[in-house]
Amino acid sequence: MDSSRKRTLIDAFIEAYNRFDVDRMVSLMHPECSFQNVSAGEVNASAEGIRQFRALAESSKAVFSSRCQTITGYQEEADIVTVDIAYEGVLRMDLPNGLKAGQTLRLNGRSVYEFRDGLIRRLTDPS
């Protein structure tokens, strides 16, 4: 897959994520997709396959009233693309870690995308 197609997929995925458009997000994922969110070396959210990915994406909509990922860097190596992300989200609900509904969460992180058959095969969010 060429670089422009990878970038188009990533941009479309992030746009759908920012709009809470789970159907569009799922349409960009490979049927055998894998997702992991890793924080401090521990996996705190994961999904294997479209069904689990959809369920996780749907459940995460309840956490934020708004959210926005912005790409701040882009590195490509073979079929792996790493993007640096500036993230801002407004919480819809109180979280167990003490963050409160209405509070704005701002983070800088990265996402690692891998591709197969013209779709996103693996998405990992390490922090």
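Look up a bit, the structure's there.
Novice: What should I look at first to understand the nonpolar core in this one?
Specialist: As a rule of thumb, soluble globular proteins bury nonpolar side chains together. The biggest cluster of nonpolar side chains holds 29 residues, and the ones touching the most others in it are Ile 10, Phe 13, Met 25, Phe 53, Tyr 113, Phe 115 and Ile 120. Secondary structure elements with two or more residues in this core: helix H1 (3-18), helix H2 (22-27), strand S1 (29-39), helix H3 (49-60), strand S4 (80-91), strand S5 (104-116) and strand S6 (119-126). If near-sequence neighbours (up to four positions away) are discounted, Ile 120 is found in contact with Leu 9, Phe 13, Leu 28, Met 29, His 30, Cys 33, Tyr 113, Glu 114 and Phe 115.

Novice: What's the story with the side chain of Thr 82 in this structure? I'm lost.
Specialist: With respect to the secondary-structure elements, Thr 82 resides in strand S4. With residues up to four places along the chain from it excluded, the contact list for Thr 82 reads Gly 73, Tyr 74, Gln 75, Arg 110, Ser 111 and Val 112.

Novice: In this structure, what is going on with the side chain of Asp 84? I would like to understand it.
Specialist: Tracing the backbone shows Asp 84 in strand S4. A distance of 3.4 Å separates the side chain of Asp 84 from the side chain of Gln 75, its partner in a polar contact. Beyond its immediate stretch of four places on either side in the chain, Asp 84 contacts Thr 70, Ile 71, Thr 72, Gly 73, Gln 75, Gly 109 and Arg 110.

Novice: How should I be thinking about the pattern of salt bridges in this particular structure?
Specialist: If charged atoms from side chains of opposite charge come close, those side chains can pair. Under the criterion given, the structure shown has ten salt bridges. The partner of Glu 76 in a salt bridge is Lys 6, and the shortest N-O contact between them spans 2.8 Å. Taken together, the residues span a long stretch of sequence, with Glu 76 in strand S3 (residues 64-77) and Lys 6 in helix H1 at a distance of 70 residues. A salt bridge links Arg 7 to Asp 11, with the shortest nitrogen-to-oxygen separation between them at 3.2 Å. Note that Arg 7 and Asp 11 are positioned in helix H1 at a spacing of four residues, about one turn of the helix. Each of Lys 6, Glu 76 and Asp 79 takes part in a single network of salt bridges with overlapping partners.

Novice: What is the right way to look at the layout of surface pockets in this model?
Specialist: Which parts of space are left empty comes out when a probe the size of a water molecule is rolled across the atoms. Considered as a void within the structure, the largest pocket measures approximately 1000 Å³ in volume. As for the largest pocket, its lining consists of 34 residues, of which Tyr 17, Asn 37, Phe 64, Tyr 87 and Asp 125 are closest to the centre. Listed by contribution, the elements that provide at least two residues to the lining of the largest pocket are H1, S1, strand S2 (42-48), H3, S3, S4, S5 and S6. Ranked by residues supplied to the lining of the largest pocket, first place goes to S5 with seven residues. For the lining of the largest pocket, the class distribution of residues is 20 nonpolar, eleven polar and three charged.

Each value, and the rule that gives it
- Note that residues are indexed from 1 along each chain, following the sequence as it is written.
- The model is predicted, so local features are restricted to residues of pLDDT at least 70 and side-chain atom pairs to those at 80 or more, both for listing and for counting; the totals for chains, interfaces and linings are taken over all residues.
- Hydrogens and water are ignored here; the side-chain numbers use all heavy atoms of the structure.
- Take the buried Ala, Val, Leu, Ile, Met, Phe, Trp, Tyr and Cys residues and link them wherever side-chain atoms come within 4.5 Å; each set so joined is a nonpolar core.
- Buried residues are those whose accessible area, probed at 1.4 Å on protein chains only, stays under 20% of the maximum for their type, while exposed residues exceed 50% and partly exposed ones sit between those limits.
- To qualify as a helix, a DSSP run of H or I must reach at least 4 residues; to qualify as a strand, a run of E must reach at least 2; elements of each kind are numbered from the N terminus.
- In what follows, a contact means two residues having at least one pair of non-hydrogen atoms within 4.5 Å.
- Identification of polar contacts relies on pairs of N or O atoms within 3.5 Å, with a donor-acceptor requirement for protein atoms, meaning one able to donate a hydrogen and the other able to accept it, and with residues adjacent in sequence counted only if both atoms are side-chain atoms.
- Within this document, salt bridges are pairs made up of a side-chain nitrogen of Lys or Arg and a carboxyl oxygen of Asp or Glu, the two lying within 4 Å of each other.
- Using protein atoms alone on a 1 Å grid, points that fit a 1.4 Å probe yet trap it form a cavity, whereas open point sets bounded by protein on both sides within 12 Å along at least five of seven lines form a pocket; residues with an atom within 4 Å of a point count as lining.
- Grid points are joined across faces, edges and corners, and a volume is the space filled by probe spheres set on the points.
- Here the term charged refers only to Asp, Glu, Lys and Arg, the term nonpolar to Ala, Val, Leu, Ile, Met, Phe, Trp, Tyr, Cys and Pro, and the term polar to all other amino acids, Gly among them.

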